[in-house]
Amino acid sequence: MKRTLFALYRLVMAALAIVAVIVQLHAVLARQGSFANFMSFFTIQSNVFGAAIFILSAAIALRHRTWAPLGMLRGAATMYLVITGLVTALLLSGLQETVQTTIPWVNTVVHQIFPIVIALDWLIDPPQHRITFRRALWWLVYPAAYLVYSLIRGPIAHWYPYPFLNPANGGYGKVALTSGGILAGSLILIVILTARTAIGKPRVR
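The text that follows walks through the structure, step by step, so that each part is easy to find. This one's a predicted model, so the numbers in the text were calculated from it and none came from an experiment.

### Considerations on the packing of aromatic side chains
- Tallied over the entire structure, the rule returns 13 aromatic pairs.
- Between tyrosine 9 and phenylalanine 54, the aromatic rings sit 6.1 Å apart at their centres with planes inclined by 75°, giving edge-to-face as the arrangement. Of this pair, tyrosine 9 sits in helix α1 (residues 2-30) while phenylalanine 54 sits in helix α3 (residues 42-62), and the two are 45 residues apart along the sequence.
- Taking the relative accessible area as the measure of exposure, tyrosine 9 reaches 26% and is therefore partly exposed.
- For the ring pair phenylalanine 41 and tyrosine 162, a centre distance of 5.5 Å and an interplane angle of 70° mean the geometry is edge-to-face. Here the residue phenylalanine 41 occupies a position in the loop between α2 (35-39) and α3, and tyrosine 162 occupies one in the loop between α7 (141-157) and α8 (171-196), the gap between them amounting to 121 residues.
- Look at phenylalanine 41 and you get buried, because its relative accessible area is 0%.
- Overall, the relative accessible area of 5% leaves tyrosine 162 in the buried class.
- What links up through ring pairs into an aromatic cluster is the set Phe42, Phe49, Tyr80, Tyr142 and Tyr146.
- The ring of phenylalanine 54 is capped by arginine 10, whose NZ or CZ atom sits 6.0 Å from the centre of that ring.

Structure representation (structure tokens):
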């Protein structure tokens, strides 16, 4: 029963996140916005990824099965969405127009509700296998790749997804400093997330 309830609420939250992204995308395209730019936001990518992982975990639970790699995927999705929520609150407050989440309820879902829900989901229902800090460092690969992608695409597209990634706002030194701060926060999140995994159970290899 517990597995079924978790599966159902994950499906509901995944649907809410997906609908929010689709509604905002429709609004962006309606005003002749760029699909490529919209999909280049970390917020959008992390919400889509988080929704996909919720759907996957729900499907596995409803079939009464387990899959060891799911813990790593859930951890990655959790870290990315928590980063999304924290960065929005600390660096992008009041800049909904800049980050293209101009519809209030959409902004609330993708920047607040879903990040909080996925964090609570991890705390309440951690993976069955222990995930070590060293193993969890793989979660940093995607944010690092996203940073490189944004800095390469920015001059080509003459557009950056976030002001703190734009070298025009203080130079590359400021970009590096802000990125370093986000990295430090990510490492702290990894410590917290891995500490919550089941101690004494088999480690993920």
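### So, helix α5 (residues 104-124)
- Between its first and last C-alpha, α5 extends 28 Å over 21 residues, near the 30 Å set by a 1.5 Å rise per residue.
- A maximum bend of about 35° is found in α5 at valine 110.
- Along α5, the positions that sit buried rather than exposed are Val106, Asn107, Val109, Val110, His111, Phe114, Pro115, Val117, Ile118, Asp121 and Trp122.
- Residues of α5 that are buried make contact with α1, α3, α4 (69-91) and α8.

### Section: the side chain of threonine 88
- Counting through the fold element by element, threonine 88 comes out in helix α4.
- Among all residues touching threonine 88, those that are not within four sequence positions of it are Ser93 and His111.

### Things to note about unusual backbone geometry
- The phi dihedral of glutamine 32 falls on the positive side, at around 65°, and the residue is not glycine.
- You can see glutamine 32 is positioned in the loop between α1 and α2.
- With relative accessibility at 70%, the residue glutamine 32 sits in the exposed group.
- Notably, histidine 158 is not glycine yet its phi reads approximately 55°, a positive angle.
- With respect to the helices, strands and loops of the structure, histidine 158 is situated in the loop between α7 and α8.

### A short note on the nonpolar core
- Within the largest apolar cluster, 33 residues are counted, with the highest numbers of intra-cluster contacts made by Met79, Trp139 and Tyr162.
- Within the residue set of this core, elements represented by two or more residues are α1, α3, α4, α5 and α8.
- Here this core takes seven residues from α4, the largest share from any one element.
- In terms of nonpolar packing, the next biggest core, distinct from the first, is built from 13 residues, Met13, Ala14, Ile60 and Leu70 among them.

### Observations regarding the pattern of salt bridges
- As enumerated under the stated definition, the model contains three salt bridges in all.
- One salt bridge connects aspartate 121 with arginine 10, and the closest N-O pair in it is separated by 2.9 Å. In this pair, aspartate 121 sits in helix α5 while arginine 10 sits in helix α1, placing the two residues 111 residues apart along the sequence. Accessibility classification places aspartate 121 together with arginine 10 in one group, the buried group.
- A salt bridge links arginine 74 to aspartate 121; its shortest N-O distance comes to 2.8 Å. Separated by 47 residues along the polypeptide, arginine 74 in helix α4 and aspartate 121 in helix α5 bring together distant segments of the chain. Residue arginine 74 shares its accessibility class with aspartate 121, and that shared class is buried.
- Members of the salt-bridge network, linked through shared partners, are Arg10, Arg74, Asp121 and Asp125.

### Some words on the side chain of glutamine 24
- One can find glutamine 24 in helix α1.
- With a relative accessible area of 0%, glutamine 24 lands in the buried category.

Calculation criteria
Residues numbered from 1 in each chain as written. Predicted model: local features only at pLDDT ≥ 70, side-chain atom pairs only at ≥ 80, totals over all residues. Heavy atoms only, no water. Phe/Tyr/Trp six-rings, centres within 6.5 Å; stacked < 30°, edge-to-face > 60°. Helix = DSSP H or I, 4+ residues; strand = E, 2+ residues; numbered from the N terminus. Buried < 20%, exposed > 50% of the residue type's maximum accessible area, 1.4 Å probe, protein only. Lys NZ or Arg CZ within 6 Å of the ring centre and 35° of its normal. Expected span 1.5 Å × (residues − 1). Bend = angle between axes of the 7 residues up to and from the residue. Contact = heavy atoms within 4.5 Å. Core = buried A, V, L, I, M, F, W, Y, C linked by side-chain atoms within 4.5 Å. Salt bridge = Lys/Arg side-chain N within 4 Å of Asp/Glu carboxyl O.

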